[in-house]
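Secondary and tertiary structure notes
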Amino acid sequence: RDIALTDTVVTVTDHIEGFQDKAVLRWHLAPGEYIFEDTTLQGNGIRLEIETDLPLQRCEIAQGWNSGHYRKKQMVPVLEVETHHSGRLITRIHL
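Residues numbered from 1 in each chain as written. Predicted model: local features only at pLDDT ≥ 70, side-chain atom pairs only at ≥ 80, totals over all residues. Heavy atoms only, no water.

Next up on the list: the overall build of the protein chain. Secondary structure assignment for the protein chain yields zero helices and nine strands. In the protein chain, the succession of helices and strands from N to C terminus is β-β-β-β-β-β-β-β-β. For 95 residues, the compact-globule estimate of 2.2 N^0.38 gives 12 Å, and the protein chain sits close to it at 14 Å. Principal-axis analysis of the C-alpha atoms gives the protein chain an extent of 35 × 35 × 25 Å. Within the protein chain, the fraction of its 95 residues that count as buried is 35%. Restricting to contacts in the protein chain with at least 6 residues of sequence separation, those with at least 24 account for 61%. Just so you have it, the protein chain exposes about 6500 Å², and 46% of that area is on carbon and sulfur atoms. In the protein chain, 10 side chains carry a positive charge and 14 a negative one; their mean positions are 10 Å apart. (Helix = DSSP H or I, 4+ residues; strand = E, 2+ residues; numbered from the N terminus. Rg over C-alpha atoms; globule rule 2.2 N^0.38 Å. Buried < 20%, exposed > 50% of the residue type's maximum accessible area, 1.4 Å probe, protein only. Contact = heavy atoms within 4.5 Å. Areas by Shrake-Rupley, 256 points an atom, 1.4 Å probe, with all protein chains shown as cover. Lys, Arg positive; Asp, Glu negative; His and termini not counted. Charge placed at Lys NZ, Arg CZ, Asp CG, Glu CD.)

Right, dumping it as structure tokens:
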């Protein structure tokens, strides 16, 4: 994983390899409302874009658990990106 920062964008490059059946990249999001179209998510003051030349099996918002404090958990939205191929996934988070 490589991470690059500017004043307004965080770029995360994940090198996907060494898995058996599938790889799932998960971004846990703050609670709130999000609009998701194609490979771009917007809401809560951010825009998150997924860029790849890999075929994606799924790219969707699911529900997952977050534990911000010991013995406390809450459901949060999770962006899940699934592929069955090795390669590179780039996530750009515009703040």
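On to the nonpolar core, then. As a rule of thumb, soluble globular proteins bury nonpolar side chains together. Trp 27, Leu 48, Ile 50, Leu 79, Val 81 and Leu 89 are the most contacted members of the largest nonpolar core, which totals 16 residues. Looking at this core, the elements that each hand over two or more residues are strand 2 (9-16), strand 3 (23-28), strand 6 (46-51), strand 8 (72-83) and strand 9 (87-94). Residue contacts for Leu 89: discarding those within four places in its chain leaves Val 12, Thr 13, Asp 14, Ile 16, Leu 25, Ile 50, Glu 51, Thr 52, Leu 56 and Val 81. (Core = buried A, V, L, I, M, F, W, Y, C linked by side-chain atoms within 4.5 Å.)

The next point concerns the pairing of strand 8. Bridging between strand 3 and strand 8 involves six bridges; their strand directions are antiparallel. Paired with Trp 27 across the strands is Leu 79, a residue of strand 8. In this sheet, strand 8 lies alongside strand 7 (residues 56-69) in antiparallel orientation, the contact comprising 11 bridges. For His 69, the partnering residue across the bridge sits in strand 8 and is Lys 72. Between the end of strand 7 and the start of strand 8, which pair antiparallel, lie two residues, with Arg 71 showing a positive phi angle near 65 degrees. (Pairing = 2+ DSSP bridges.)

With that out of the way, let us pick up the packing of aromatic side chains. Tallied over the full model, the rule gives zero aromatic pairs. A cation over an aromatic ring shows up here: Lys 73 above the ring of Trp 65, its NZ or CZ 4.4 Å from the ring centre. (Phe/Tyr/Trp six-rings, centres within 6.5 Å; stacked < 30°, edge-to-face > 60°. Lys NZ or Arg CZ within 6 Å of the ring centre and 35° of its normal.)

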